[in-house]
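Descriptive analysis of the structure
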Amino acid sequence: MEQASFRRGVDGLRLAVTLLTAIPLPGPRPKDGNGRPPAAPPSGSWFSKGHAPPPGHPEAAGPRPPVTTAPPAPTRQSAGDAMALAPAVGLALGAAAAVVLYVFQRYWHAGPLLGSALAVITLAVLTRGLHLDGLADTADGLGSRRPAAGALEIMRRSDIGPFGVAVLVLTLLLQVTALTQADALGRGVTSVAAAALCGRLGMAWACGRGIPAARPDGLGALVAGSLHPAVPAVLSALAVAGSSAYGLIFPVAMAAGLAAGLLLCWLAVRRLGGITGDVLGAICEVSTAACLLVLALS
């Protein structure tokens, strides 16, 4: 039982990292009947080259080596585990951005503005810009004022419209300037870590039961309603309790960030009929920006 729980946790963490960052961790390797990885075909054989031997060849008469297959697609249970671990991934991402901010400030004297811009860029690079892309697509869909089907079709497109560009630029501008001000107040390093954590907490709340998916396919359909409401509530309580050690402003900022994310989630459900992967990315970026905005206040 304990081994199964540990394996489930590892698989959930692997999926969370793969979905939310630019670090695709390898899935579990296929195993034979004895629980060992299948033996690779001999070097130089037809099988090692990915081809079957022609009829009459000596290798054709022997046993065929096992075929290595891709890991199975994630289930709703594994997707729920991944979203429950999303705040932990967010904290790790925030820690990486905080290190960048600290190093450039402490050792290279980059200044608050440049250090903050590099910290925000670090978050974008480590997440492949997925959440920013979701923010732009969600802004285009909601800004079009079309019915749900039309808005979702706009969000599927690979291009970015005027609403998406405007919201993307303004959100990044808010994040950089707010982090710059928070750094000037002496809490820039902890602020970027707290904001990244808050953004992923917002995603966990958006995957709670009762929140439907806008489409029958995609990431939204996989994770929508996959978490018991108690899971994000407990995670938020732990985050608030931990952040309060750095000052009262931190739990207040996290509450503001989560409120902004939940407001966007409510709007998406009302306008689109549910959440999508793009909506989750938008919730992450909006929650992050709102959290940083409060942390910039003295």
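Residues numbered from 1 in each chain as written. Predicted model: local features only at pLDDT ≥ 70, side-chain atom pairs only at ≥ 80, totals over all residues. Heavy atoms only, no water.

Right, let's talk about the overall build of the protein for a bit. Broken down by element type, the protein carries 13 helices and zero strands. Counted from the first residue to the last, the protein has its helices and strands arranged as α-α-α-α-α-α-α-α-α-α-α-α-α. Taking contacts inside the protein between residues at least 6 apart in sequence as the whole, the part at least 24 apart equals 72%. For the protein, the accessible area works out to roughly 15200 Å², and carbon and sulfur atoms hold 67% of it. (Helix = DSSP H or I, 4+ residues; strand = E, 2+ residues; numbered from the N terminus. Contact = heavy atoms within 4.5 Å. Areas by Shrake-Rupley, 256 points an atom, 1.4 Å probe, with all protein chains shown as cover.)

Counted as a void, the second largest pocket has a volume near 370 Å³. Every residue lining the second largest pocket is counted, 22 residues in all, and those nearest its centre are L219, G220, T276, G277 and D278. A total of five residues in the lining of the second largest pocket trace back to one element, the largest contributor, which is helix α6 (residues 130–143). When grouped by side-chain class, the residues that make up the lining of the second largest pocket number nine nonpolar, seven polar and six charged. (1 Å grid on protein atoms, 1.4 Å probe; cavity = no way out; pocket = protein on both sides within 12 Å on 5 of 7 lines; lining within 4 Å. Points joined across faces, edges and corners; volume = space filled by probe spheres on them. Nonpolar A, V, L, I, M, F, W, Y, C, P; charged D, E, K, R; others polar.)

A few words on the confidence of the model for the protein. In the predicted model, the protein carries a mean pLDDT of 87, and 82% of its residues have values of at least 70. Segment residues 46–50: pLDDT under 50, and 15 contacts once partners within four positions in sequence are set aside and those in other chains are kept. (pLDDT = per-residue confidence, 0-100.)

So, about the packing of α6 against helix α7 (residues 148–156). Any two packed helices are characterised by how steeply their axes cross, that is the angle between the axes, and by the distance between the axes. In contact at an axis separation of 8 Å, α6 and α7 are set at 150° when each is read in the N-to-C sense. Put simply, α6 runs roughly antiparallel to α7. Crossing of α6 against α7: the hand is right-handed. Counting all contacts with α6, which are made through D137, T138, D140 and G141, the residues of α7 involved are A151, I154 and M155. (Axes fitted to C-alpha atoms, helices over the stretch in contact; angles between N-to-C directions. Parallel < 35°, antiparallel > 145°, perpendicular 65-115°, else oblique. Left-handed = near helix turned anticlockwise from the far one by under 90°.)

Let us look at empty space enclosed by the protein. Tallied over the entire structure, the rule returns one cavity of 30 Å³ or more. The computed volume of the largest cavity comes to approximately 80 Å³. If you trace the largest cavity, you find it lined by V120, L123, A124, T127, L132, L172, Q175, R200, E285 and T288. Mapped by element, the contributors of at least two residues to the lining of the largest cavity are α5 (112–126), α8 (162–184) and α13 (277–295). With three residues, the top contributor of residues to the lining of the largest cavity is α5. Residue classes in the lining of the largest cavity are distributed as five nonpolar, three polar and two charged.

With that settled, the discussion passes to the packing of helix α4 (residues 86–106) against helix α9 (residues 188–206). Two numbers describe how α4 lies on α9: the axes approach to 7 Å, and their chain directions differ by 155°. It follows from the interaxial angle that α4 and α9 lie roughly antiparallel. Between α4 and α9 lies a crossing of right-handed hand. On α9, the residues that touch A86, P87, G90, L91, L93, G94, A95, A97, A98, L101 and Y102 of α4 are G188, V189, V192, A193, A196, L197, R200 and L201.

Moving on to the side chain of T122. In this structure, T122 sits in helix α5. Dropping the residues within four chain positions of it, T122 is found in contact with A96, A97 and V100.

With 21 residues, α4 should cover 30 Å at 1.5 Å per step; its first-to-last C-alpha distance of 30 Å lies within 8% of that length. For α4, every residue scored as buried is listed here: A86, P87, V89, G90, L93, G94, A97, A98, V100 and L101. (Expected span 1.5 Å × (residues − 1). Buried < 20%, exposed > 50% of the residue type's maximum accessible area, 1.4 Å probe, protein only.)

Attention shifts here to unusual backbone geometry. Backbone geometry at H109 places phi at a positive 50°, although glycine is not the residue there. Inspection of the secondary structure assignment puts H109 in the loop between α4 and α5. By relative accessible area, which is 64% here, H109 ends up exposed. The backbone phi angle of R145 is positive, close to 60°, even though this residue is not glycine. Here R145 shows up in the loop between α6 and α7.

Any aromatic ring pair is given by two values, namely how distant the centres are and how the planes are angled relative to each other. The full count for this structure, using the stated rule, is three aromatic pairs. Centroid distance Y102 to Y107: 6.2 Å. Interplanar angle 85°. Geometry classified as edge-to-face. Overall, Y107 belongs to the exposed group, its relative accessible area being 52%. (Phe/Tyr/Trp six-rings, centres within 6.5 Å; stacked < 30°, edge-to-face > 60°.)

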